[in-house]
Amino acid sequence: MLAGHFAAAGAIAARDSSASLTVMAKPDSTDGNRMADEPEINLNLKTWDEVKTTTCYMCACRCGIKVYLKDGTVKYIEGNRDHPVNKGVLCGKGSAGIMQHYSPARLTKPLMRVGPRGSGEFREVEWEEALRTATTWLSQVRMSDPRKLALFTGRDQSQALTGWWATQFGTPNFAAHGGFCSVNMAAAGIYTFGGAFWEFGEPDWDHTKYFMLFGVAEDHASNPIKMGLGKLKKNGAKIVSINPVKSGYSAIADEWVGIRPGTDGLFVGALIHQLLKAGKIDLDYLARYTNAAHLVIRNKSGADDGLIARDRTGKVLVLDSASGRPVAMDKAAKPALHGEVKLPGKPARTAVPAFQLIAERYLSDEYTADKAAANCGIKAETIVRLAGELAHAAFEQAFELPIAWTDSRGEKHKSMTGRPVSMHAMRGISAHSNGFHTCRSIHILQILLGTIDVPGGFLYKPPFPKAAPPGLKPAGKVGEVNPLKPLPGPPLGFVAGPEDLLVDADGTPRRIDKAYSWDAPIAAHGLMHTVITNAANKDPYGIDVLFMYMANMSWNSTMNSGGIMDHLTKIDEKTGDYVIPKIIYSDAYYSEMVAYADLILPDTTYLERWDCISLLDRPISEPHGPADSIRQPVVEPDRDVRPFQTVMLDLGARLGLPGMVKEDMTPKFPGGYADYIVNHERGPGIGPLAGFRGADGTKSGKGEVNPNQLEQYIENGCYWKYELPEHMRYYRMANKDYLEWAQGFGFNPNANPVTFNLYSEVMQKFRLAARGHGDVVPPQVHRRRVEAFFDPVPMWYAPFEEAMTDATDFPMHAVTQRPMAMYHSWGSMNAWLRQILGRNWLYMERGRAKKLGLRDGDWVHVTSHHGRIKVQLKLMDGVNPDTVWTWNAIGKRSGAWNLDRNAPEAKKGFLLNHIISDLLPVRDGGYRYSNSDPVTGQAAWYDLRVRVEKADGAAISEPQYEATKRPPGLLRAAMKIGERMMKGRGQ
Amino acid sequence: MTSLPDTSRPGQKKLGLVIDLDTCVGCQACATSCKEWNTQGYSAPLTDIDPYGPDPVGAWLNRIHGYETGEGENRRALHFPRSCLHCETPACVTVCPTGASYKRAEDGIVLVNPDTCIGCKLCSWACPYGAREYDADDGVMKKCTLCVDRIYNENLEPEDRQPACVRACPTGARHFGDLGDPDSDVSQLVKSRGGFDLLPQMDYKPVNKYLPPRPRRSDENAVPAAKLETVGKADGSVTERFFSWLDKALS
C-alpha cells in the first residue's frame, strides 16, 4: 500500500538498470586489488554564514525552526531544540521547506484579471493600483452595507488580526477555515468541558498508559502527536487506533480497530454502556467536577422542561440524599445522582439529576455491544474487551502524584490522583454530520473515567480551560451592522441560547454563511464552505466583494468543486456582471483559486514575513504553561510581494478603519504587521504577544507595550513560554491557584471553576425554542430538525447522506486521509514532496474488490448521488471493507501551481471533492440544508456514499478541466534542480 | 577492484543507524531532511530532474517504503526506511574499479569519492539493498554518508553532530551511534529489542540494524482488562440494576 512512495524509487531503479558494465579500471596493487586512498574530506563543512530562528508555517503545528543561510539564500532548515512545540524535531514537510520557499509557483506581483474568471489571464499591476482598487471596492461596501463584504481567511494564522479587521470594518461575514475543518468537535469540547483536542489540549504523554486515537489520519497535531507516540512506545503504553484505514499512526498502533465510517459515536456509546453497566466510573470525579448532580426539570410541554433547576438566587439545585429534598448545590452534603424529586412552587414539576438522563441514554438497548457491533463492523467481544482495558488502565493503574493542591471550594488535597488513560480525535469524527454528538460522547467517556486534566489523562493547554461555553458572543445582530460603523464585538463567539443567534425577526440568517442561524446555531468558527454557494444563490442575500486569503475554494477546500467553479463564474442576467461581482484573493502561490479572482494580492512565503502566533488566536501552549511565538523574515522577498497582514493594515488605514488610523487619519501602524504586533493593545496591557511585555520586557501576560519586544523574542529563539508551578498543572477546571493565576494573567474574566456539562442546558434551550418557547423561535421549516438534533444528552444517528441515499445504489463509504508529507500544505508545488507523492489512487479492501470483479490497477468510476469521477484503483488489506479511501488534496487542476499541464497530479491524481455535494437533497418544503453537522454547520466530508464500477477508456483521471494559463511573472519551471545547491557548498 | 580496510581489530568503531520499525510512522522527515542537508553537503548536489514536470525524479539517499506484511491478527502496515547499511564487508566497495567507493578505516562509514567515481554503476548492481543512487546529471554515484560532514563538524553544536535524519525524526525511531561498542546506547537497544540484520544470508554484515515491530496487543496479546460484571441487584433491567448500585455507592 501507500504506493505513492514507490513511484520515485521505481523510476530510479529503472535508470540504474541501464547501467553500463563495460568500464573497468586497471588493478594497481600486488594482490590485484585497488586500495582506496582515503581522500581528504572536509568534516567541518560550513555551507552557511548565519542561522536565524523563526516559525514553520506548513501546517497548524507551528514548530520552531532554525534556518541556515548563506548570502541570503536558504540552505537548510532544522527544528529548534529549545522550542516548546517540536523540541528540535521537524517533519517531512518542514524539512522540505526550502522547496516551498523557492517554488516556481510563487506569485510575483499584484495581478488584475483580464480574461474570463477561471482562465488565468491577468495583467500585472503596481501595488498602488491594486490597493487603490481594493480600497474603492471596499469603501463602497462599507458606506452602503458592510455585510456585502465577505472576508474569509482559510488557513490564516493571524485570526486575531483578521477578525478584528472585520469587526472594525463592520461586517459579520468573517471566518477562517474552522467550519470545514473541525468546528463541531471544537464546539463539542468547549461546550462540554471548556477545552478541546489539538492545540487546545493534549495527552499527558509522560504518564499515559492507554491511548485511544479516533479518526486521526497522520494530521493534527503533526509533530507533537508523533513525538507523543514515540514516548508512549518507549514507556510501553498501549496505543489503540479507531480508524477505517490502517495507515500512518494506525500502522504502529498496538491495536487497529477498522471501524465503519460515521459509527464512532455508536462505538463510544457502547464502551460507555459497558463501563456504566459494570460500575467502572469515577463517581467522586463526577460529583466534584461535572453537572451530574444538577437537577433537570421535568415539565413536559412547559417552557422550562429540561432546564437546570435553580433557586430564587440562581443557585443550582441538587437532590440531597440525606433529606431527599432539592437543595442548593453548596448546601447538600451528599448530592444524589439518581432519583426523582418534587420541586417547590407551582405548577407542579419534578426533577431528576442530570446523570440519570445520561445513564438512561447509554444504558439503553441502542448501545449494547451487539447492537454496535453490527453497525460499526467491530466484533462485540472486542468492544467489551476494549471497555475492560480502559477500566483497567483508569482504575487499576491509578496512581498518585505527591503534589499538594487546593480546589475551588478551598478543600486542600495532599496529592493528585492520576488515571493513565488519554484520548485524541480528529477528522474521522469531525467530518461527519453526527460529529458534534460523537465528540460529546468521547468527552463523556473521558469524564466518566475521570481522566480530563488529571495526571496521565488529557490535559488542557492554557489559556484553556475556559467557561463551558465562554461568555464571548458573536456580533452582527439586527441593528449592529451599520454603514461606516464597526461591529460592537467580534464576529465569532459562543452562543448560549437562541437569543444569541444572528437571525432576522423572521428567522432569516444574518450572515452570508448562515452561521449562528437555525441552519447551524453553534457555528463557533463560521461556515466558510457555504459562502460561495450562498452568495451565488443570493441566499440569504447577494454580496459585492468576496475577499479570501489562503483558501483553495475553487478546488480542494470545497465540496462540489465543479459547482463552486460555476458559482464563481455565474452571470447575473440583469446586470451582465458576475453574481459575485468582485473577488479579491491573497495567496503566496498560484493555487487553483487564483484564476477565479479579479484582483490578486500576492503574499510572501513563510520565511519572508513577520507573524505572531498569539494566545488571542490558536495558541501553541504546552499543558504545563502558555507559550506564543513569532515569525521573523529570515530572507527578503525577491519579488514584488507583500505580507497579507501588512496589506490588511494598509487597506484598513486607507479605509480609515477605527484602530488602524490615528486621529489625523494617518496610518496607526506605518511599520506594517510588525508595528501592530508590538503596539496594538486589545485591552489594557494585553497585546498580540504575551511575552516580554512591560517597558523593559520583564512582564508576562499583561504589561505595557515594549518597543523592543520583537528583538527580545528573536534573542529568545522567536518564542516565549511560561512554566506553571507543579501544583497548578492538573485539575485546572477546579484548581484554585491556577484559576486565580489565569484570571490575573488575563485568560479568564473570573476565577470560577469550570463545570463539565455531561448534560447540555444550552442544547435544551434550542430545543425548547423549536417547541415554540421563548422570543426567538425557529421558522416552522426548521423546527423538526432543531428538536431532533439539539438533544442535551449525546446520541448517535446515521450520517445524513447514508440516511438519505439508497444503500444498494451507493453501498460504500469514501473518505480521505492526510498524507503526512503533504498535510495542510498542499505541497504539490514542492519539488521534493511531489516526488514522494505526485498522484493518488483509490484504495479498496482486497476481498471486496474480488467480489466486485475489480483488480489492482483498474480504472474505475466512483459515483455518488451528486456526480462521478474516474480514478485508478489499488488494493490493500488494512481498510474497512465497506470503505474506499484516498489521499487528500493530491489531485491538481492542469496548469495550476505552475506545474506542467501533464503533471501526474492533474492527469492521474483526483479529488473526491467533485462527488461530494455541498447541499443535502431537498427536503421539508423544498429547502436544501448545507451538507453539514446540524448543530455547528461543520462540513460533512466523510458522509460520502459511493459505488465503484470498472471504467473503460484512457488511463486518465476524470473530470479534467481546461488548463489554466500561467499568469505573468511566473517563470517556466526549472528542468532540473542542483546547481543552486552546489553553489553554496562551503568546501 | 577495491580492497577493504582491516576492521577486525577489537574496539573498531562501527558507526551506524538503528531504525525502529515499531515506531516509524512513515512521515518522510528522515527522507527530506537527508535530502536538504546532503544536496548542499558532501554529496551536493542531489539533482532533481524535471522537478515540476510530468515525471519528476531525483537522487535521494534515504527512501521510505510502505508495505503490508504478516498474516491474520498480525497483518500490519509497515513503514520501512531504506538507506546504506554501511556493511562490514560491502560488495559495493570491493566491486569498485577505481577505488572511488571505499570504507573508512576510522569509523566504517562507506563513502563514494566523487572525484574518482566514473559512474559505472557496478556498485549499485552489487548492493542487494538498493541503497545507492546514481545522479545522472552529476555523473556520479551517491549514497548515505551517515552525514560524515555533520557528525564530526565543529561548526555544529555537539548535540547536533548526528545524521540529519536522526536529528529530524519526530517519533524518535532513528538512533545513531557506535555499533562496534557493545556498551553503547545503540548496541544496548539492539540487544534489548532484538535488533536484526537485513538479508543476513548475503553475509555483507550490515552495521545498521532494524528493530522489529512489537507483537500487536489485540486479542491474544491483549493488555490486562478489568472484568466487566453487571453491578447492582440481581434482577431488573440493566438500567435498574445500575441505579440500584449507584444509590448504594452514594449512600
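Worth saying up front: this structure is predicted, and the values here are computed from it rather than measured.

Rules of the game
- Residues numbered from 1 in each chain as written.
- Chains lettered and ligands numbered in written order.
- Predicted model: local features only at pLDDT ≥ 70, side-chain atom pairs only at ≥ 80, totals over all residues.
- Helix = DSSP H or I, 4+ residues; strand = E, 2+ residues; numbered from the N terminus.
- Rg over C-alpha atoms; globule rule 2.2 N^0.38 Å.
- Buried ≥ 20, exposed ≤ 12 C-beta atoms within 10 Å, placed from the backbone.
- Contact = placed C-beta atoms within 7 Å.
- pLDDT = per-residue confidence, 0-100.
- Pairing = 2+ DSSP bridges.
- Axes fitted to C-alpha atoms, helices over the stretch in contact; angles between N-to-C directions.
- Parallel < 35°, antiparallel > 145°, perpendicular 65-115°, else oblique.
- Left-handed = near helix turned anticlockwise from the far one by under 90°.
- Nonpolar A, V, L, I, M, F, W, Y, C, P; charged D, E, K, R; others polar.
- Arc of directions from axis to C-beta.
- Core = buried A, V, L, I, M, F, W, Y, C linked by C-beta atoms within 7 Å.

1. Here we look at the overall build of chain A
Along chain A, the regular secondary structure elements total 27 helices and 36 strands. Whereas a compact globule of 987 residues would reach a radius of gyration of roughly 30 Å, chain A reaches 29 Å, a difference of no more than 12%. Its C-alpha atoms give chain A principal-axis dimensions of about 100 × 80 × 65 Å. Burial status across chain A gives 62% buried among its 987 residues. Of the contacts formed within chain A by residues at least 6 apart in sequence, a portion of 69% connects residues at least 24 apart.

2. Regarding the confidence of the model for chain A
Per-residue confidence for chain A gives a mean pLDDT of 94; residues scoring 70 or more make up 95%. Within the model, the stretch residues 983-987 of chain A combines pLDDT values under 50 with twelve contacts to residues more than four positions away or in other chains.

3. A look at the environment of P667 of chain A
Residues and elements named next belong to chain A. As for its position among the elements, P667 is in the loop between α17 (644-655) and α18 (672-679). By the C-beta count within 10 Å, which is 16 here, P667 ends up partly exposed. Expressed as a C-alpha distance, the spacing of P667 and T508, which sit 159 residues apart in the sequence, is 38 Å.

4. A word on the sheet that holds strand β13 (residues 295-298) of chain A
All names here are of chain A. Strands sit in the order β13-β17-β16 across an open sheet of three strands; the sheet is antiparallel. Both outer strands of the open sheet, β13 and β16 (341-343), are each paired with one neighbouring strand and no more. Going from strand to strand, the sheet's axes swing by 40° on average, the running direction of each strand aside.

5. Examining the interface of chain B and chain A
Facing 99 residues of chain B, the contacting portion of chain A comprises 113 residues. Pairing of strand β36 (residues 976-977) of chain A with strand β3 (residues 48-49) of chain B, which is carried by two bridges, proceeds in the antiparallel orientation. Paired with K976 of chain A across the two strands is I49 of chain B, which belongs to β3 of chain B.

6. Some thoughts on the packing of helix α5 (residues 183-193) of chain A against helix α14 (residues 435-448) of chain A
Residue and element names in this part refer to chain A. Relative orientation of the contacting elements α5 and α14 amounts to 40°, with a least axis distance of 8 Å. Looking at the two axes, α5 sits oblique to α14. When the axes of α5 and α14 are compared, the crossing they make is right-handed. In contact with N184, M185, A187, A188, G189, T192 and F193 of α5, α14 contributes G435, F436, C439, R440, H443 and I447. When grouped by side-chain class, the residues that make up the contact of α5 with α14 number seven nonpolar, five polar and one charged.

7. Things to note about the confidence of the model for chain B
Per-residue confidence for chain B gives a mean pLDDT of 95, with 100% of residues at or over 70. Interface confidence for the predicted complex, expressed as ipTM, amounts to 0.97; the pTM equals 0.96.

8. Considerations on helix α16 (residues 561-568) of chain A
Residue and element names in this part refer to chain A. All buried positions along α16 are accounted for by S561, I564, M565, H567 and L568. Down the axis of α16, the buried side of the element spans an arc of 160°, and every buried residue falls inside it. Against the buried residues of α16 lie α15 (531-536).

9. Considering the nonpolar core
Across soluble globular proteins, nonpolar side chains have a tendency to be buried as a group. Residue and element names in this part refer to chain A. In terms of nonpolar packing, the biggest core is built from 372 residues, with F267 and L271 touching the most fellow members. Excluding residues within four positions of it along the chain, F267 makes contact with I242, I259, A372, C376, I378 and I383. Of all hydrophobic cores here, the second largest spans five residues; its members include L724, M728, Y738 and L739.

10. A look at the pairing of strand β15 (residues 325-328) of chain A
Regular strands place their side chains on alternate faces of the sheet. Residues and elements named next belong to chain A. Bridge count for strand β14 (residues 317-320) against β15 is four bridges, and the pairing is antiparallel. For L317, the partnering residue across the bridge sits in β15 and is A328. Linkage of β14 to β15, two consecutive antiparallel strands, is achieved through a turn of four residues, within which G324 is found at a positive phi near 70°.

11. Considering helix α22 (residues 780-789) of chain A
Residue and element names in this part refer to chain A. Among the residues making up α22, those that are buried are H782, V786 and F789. The buried residues of α22 occupy an angular sector of 75° when projected down its axis, which confines them to one face. The inward-facing, buried residues of α22 abut α21 (761-770).

12. Quick look at the sheet that holds strand β4 (residues 73-79) of chain A
All names here are of chain A. Overall, antiparallel pairing links the three strands, which are arranged β2-β3-β4 in an open sheet. A strand with exactly one partner marks an edge of an open sheet, and here the two such strands are β2 (50-55) and β4. The average undirected angle you get between the axes of adjacent strands in this sheet is 30°.

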